[in-house]
Amino acid sequence: MKKKNADQNTEVAGRVFDPSDYEKKNQLSSGLATTHEQATDTYTEGEIGAVIDDVDGEDIQIGKKTKK
């Protein structure tokens, strides 16, 4: 019994996201698809403390009012 569990754990640990995971119904694929979606959303939104590089060389923080 332990050998079977050890093989299964190794199989799960080596698994990476595949686009077909969005269509699969098993728990592992569902979890990988959800995690991929969250990571992609975070990456495309950027970071909280984002800064715009102004042409004049001044950094403008997004979301904060600046005086010129």
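Residues numbered from 1 in each chain as written. Predicted model: local features only at pLDDT ≥ 70, side-chain atom pairs only at ≥ 80, totals over all residues. Heavy atoms only, no water.

1. Details of the overall build of the protein chain
A tally of regular secondary structure across the protein chain gives two helices and two strands. In sequence order, the protein chain lays out its α and β elements as α-α-β-β. Within the protein chain, buried positions represent 6% of all 68 residues. Element-wise, carbon and sulfur atoms account for 54% of the exposed surface of the protein chain, whose accessible area totals about 6400 Å². (Helix = DSSP H or I, 4+ residues; strand = E, 2+ residues; numbered from the N terminus. Buried < 20%, exposed > 50% of the residue type's maximum accessible area, 1.4 Å probe, protein only. Areas by Shrake-Rupley, 256 points an atom, 1.4 Å probe, with all protein chains shown as cover.)

2. A short note on the packing of aromatic side chains
By the definition in use, this model includes one aromatic pair. Ring geometry for F17 versus Y22: centroids 5.6 Å apart, planes at 80°, classification edge-to-face. On the basis of relative accessible area, F17 is assigned to the partly exposed category, the value being 25%. (Phe/Tyr/Trp six-rings, centres within 6.5 Å; stacked < 30°, edge-to-face > 60°.)

3. Things to note about the side chain of D21
Here D21 shows up in the loop between α1 (2–13) and α2 (27–45). Those residues in contact with D21 that lie beyond four places of it in its chain are R15, V16, S29, L32 and A33. (Contact = heavy atoms within 4.5 Å.)

4. A closer look at the confidence of the model for the protein chain
On average, the protein chain scores 75 in pLDDT, and the residues at 70 or more come to 59%. Element-level mean pLDDT values for the protein chain span from 65 in α1 up to 84 in α2. (pLDDT = per-residue confidence, 0-100.)

5. Brief notes about the environment of N26
Inspection of the secondary structure assignment puts N26 in the loop between α1 and α2. Reaching out from N26, the side chain makes a polar contact with the backbone nitrogen of L28 at a distance of 3.3 Å. A polar contact is formed between the side chain of N26 and the backbone nitrogen of S29, at a distance of 2.7 Å. (Polar contact = N/O pair within 3.5 Å; in protein donor to acceptor, adjacent residues only side chain to side chain.)

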